[in-house]
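Residue strings, one per chain:
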Amino acid sequence: MKAAESSRLQRVALRAAGLVAGMATACALALGASAPAQAAAAIVIVNLNAPGEGFNDPTPAAPVGGNTGTTLGQQRLNAFQHAADIWGTTLTSSVPIRIGASFVPLACTATSAVLGSAGANEIWSDFPNAPRPATWYPSALASKLAGTDISTPGAPHIIARFNSRLGLFPDCLPGSGFYLGLDNNFGNQIDLVTVLLHEFAHGLGFQTFTDDETGAEIQGMPSIWDYYLLNNRTGKLWVEMTDAERAASAVTWRGLSWNGPVVTAAVPQVLAPASSLTVSGAAAGTAAGVYQVGDASFGPPLSNPPVAGQLMPVVDQADGTGLACAPLSALNALAVHGNVALVDRGTCGFVTKARNVQAAGALGMVVADNQPGDVAGMSGNDPSITIPSVRITQADGATLKAALQRRSRTQSGVVASLGLDTARLAGADSAGRILMYTPTTLSPGSSVSHYTTEAKPDQLMEPAINSDLTHQVTPPRDLTFPLLRDIGW
């Protein structure tokens, strides 16, 4: 029987979502006003590890970054409690929130690893004081709204499991283990507190329980999340769509926005102006216009007045492409000197390309993707890089290359300007609502239930860890708590 046809409280047990890391990033981590002064919720970490394992691992460890634990297990538990305390001072609930937590061996290789998994343990509908009937709420939020713990007696509201082998063995992402300090000074490691803040947010309700691949609802009922997920092309909310319409919107790039009032009110104080590439000049022809770009994590951020110069391609491959993976030849250096270099993605890292075109005297760098897809950013770090860089799609790269066919060795007549579009916020739609993560190729576990990767500054609830994240979950730095407020927190 559907909950819409009965007053009987219903619940569904869930499996936690996975969290995977590669060498450079960790995939899938996790405000109108600041949290009210009286905000408080007790969050209890329930240690599910056996003696000698995980949180009970007796391996000696030196205190680090404010974490005073002297064993590996105690430091893990301290990091968990620190993340729990951050959320506890932000949320309000009279019902203590239980997180069943453990460190256990999970799948990994020398170059990739499952960091862990976390999420709501159960979802509930039609409980006492439920704001919407026939709607799924995560266990912790349902209990808060009911004013009493409605979860299965003794069951945790959130389940969290993390990789106990990460970075500690040669076959499990060596050198990139969890940083257990509490001060966010993680260096080349993966900051556990940041990952936990993200994952706890998923368990608190930062996700839909509707199938993002098929669009099917659980038992024909929507998640509370679905009332705020808007197709910005059609104006329809997810709760108003068919299964097929939901599935299609989940793979429409920049097609879904969060329509909650608390988040939308906070967007202007959190998000910065969007980066853009403007192409003009006498020879630009049909290539003239404003291009969507992905930002680089290295080099200076784009700003106004923009960096501008003639766009000149690097050509160092037999097929006419330019990888810039080695110091530029004399002819390529002559072409990009005092201009903006256009290079192709591939073979070497983005930082290497930027370093080589900068050494040749380029004012900036535009990287054209080497495969179809949506706009994406560029990872890497090198303090010596002083020129701005952006990334464009393969299709846009082809458009620009066509306009550059007729050029001299030092001039193209096509001007590239790297700056800010002050009329548009990074990661927001034309109405100022933050975009959700909807790549044109579905990413199970990441699509729909995260913010867009286009946001600036990077947000905690993007689908990957970024090096500039802080431990803040509220404005003016972050939009995680506002979304939780929209759904009932």
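Worth saying up front: this structure is predicted, and the values here are computed from it rather than measured. (Residues numbered from 1 in each chain as written. Predicted model: local features only at pLDDT ≥ 70, side-chain atom pairs only at ≥ 80, totals over all residues. Heavy atoms only, no water.)

Asks: So what's going on with the overall build of the chain? Residues and values would help.
Replies: What the chain contains, in helices and strands, is nine helices and 21 strands. With respect to the principal axes defined by its C-alpha atoms, the chain has extents near 75 × 55 × 40 Å. Of all 489 residues assigned to the chain, the portion counted as buried reaches 54%. (Helix = DSSP H or I, 4+ residues; strand = E, 2+ residues; numbered from the N terminus. Buried < 20%, exposed > 50% of the residue type's maximum accessible area, 1.4 Å probe, protein only.)

Asks: Can you lay out the packing of helix α1 (residues 72-88) against helix α3 (residues 192-204) for me, pointing to particular residues and giving the numbers?
Replies: At a minimum axis separation of 9 Å, α1 and α3 run at an interaxial angle of 55°. Judged by the inter-axis angle, α1 sits oblique to α3. In the crossing of α1 with α3, the sense of the turn from one axis to the other is right-handed. The residues of α3 that touch α1, namely those facing Ala-79, Phe-80, His-82, Ala-83, Ala-84, Ile-86 and Trp-87, are Leu-192, Val-193, Leu-196, Leu-197, Phe-200, Ala-201 and Leu-204. In the contact of α1 with α3, the residues fall into 13 nonpolar, one polar and no charged. (Axes fitted to C-alpha atoms, helices over the stretch in contact; angles between N-to-C directions. Parallel < 35°, antiparallel > 145°, perpendicular 65-115°, else oblique. Left-handed = near helix turned anticlockwise from the far one by under 90°. Contact = heavy atoms within 4.5 Å. Nonpolar A, V, L, I, M, F, W, Y, C, P; charged D, E, K, R; others polar.)

Asks: Lay out the pairing of strand β19 (residues 364-368) with the relevant residues and their values.
Replies: Across the five residues that make up β19, a large majority, five, are buried. Because side chains alternate across β19, one face comprises the buried residues Gly-364, Val-366 and Ala-368, and the other comprises Met-365 and Val-367, equally buried. Pairing between strand β18 (residues 340-344) and β19: five bridges, direction parallel. Paired with Leu-342 across the strands is Val-366, a residue of β19. Of the crossover connections in this fold, the one passing from β18 over helix α7 (residues 350-359) to the parallel β19 is right-handed. (Pairing = 2+ DSSP bridges. Right-handed = clockwise from strand over helix to strand, strands pointing away.)

Asks: Outline unusual backbone geometry, supporting the account with residue identities and numerical values.
Replies: Pro-305 follows Asn-304 through a cis peptide bond whose omega is 0°. Here the residue pair Pro-475 and Pro-476 is connected by a cis peptide bond, since its omega of 10° sits within 30 degrees of zero. Even without a glycine there, the phi angle at Thr-347 is positive, about 70°. A positive phi is found at Val-448, a non-glycine position, where the angle reads about 75°. Among the structural elements, Val-448 can be located in the loop between β21 (415-425) and α9 (480-486). Its relative accessible area of 0% is what places Val-448 among the buried residues.

Asks: I'd love a proper account of helix α5 (residues 261-270), names of residues and values included.
Replies: Buried within α5 we find Val-262, Val-263, Ala-266, Val-267 and Val-270. For α5, the buried positions fall inside an angular range of 140° around the axis, keeping them on one side. What points out from α5, more than 90 degrees from its buried face, is the exposed set Pro-261, Ala-265 and Pro-268. Against β13 (256-258), β21 and α9 lie the buried residues of α5. (Arc of directions from axis to C-beta.)

Asks: With reference to specific residues and values, describe the nonpolar core.
Replies: By size, the foremost hydrophobic cluster in this structure holds 78 residues, and its most contacted members are Phe-80, Trp-87 and Trp-258. Residue contacts for Trp-87: discarding those within four places in its chain leaves Ile-43, Leu-197, Phe-200, Ala-201, Leu-204, Val-473, Thr-480, Phe-481 and Leu-484. Within the second largest apolar cluster, 20 residues are counted, among which are Val-279, Leu-342, Leu-404 and Val-414. (Core = buried A, V, L, I, M, F, W, Y, C linked by side-chain atoms within 4.5 Å.)

Asks: Tell me about the confidence of the model for the chain, and name the residues and values.
Replies: Per-residue pLDDT for the chain averages 92, and the proportion of residues at 70 or more is 92%. Throughout residues 1-8 the model reports pLDDT below 50, and contacts reaching past four residues in sequence, or to other chains, amount to 16 contacts. Taken as a whole, residues 15-38 scores under 50 in pLDDT and shows 96 contacts with residues more than four places along the chain or in a different chain. (pLDDT = per-residue confidence, 0-100.)

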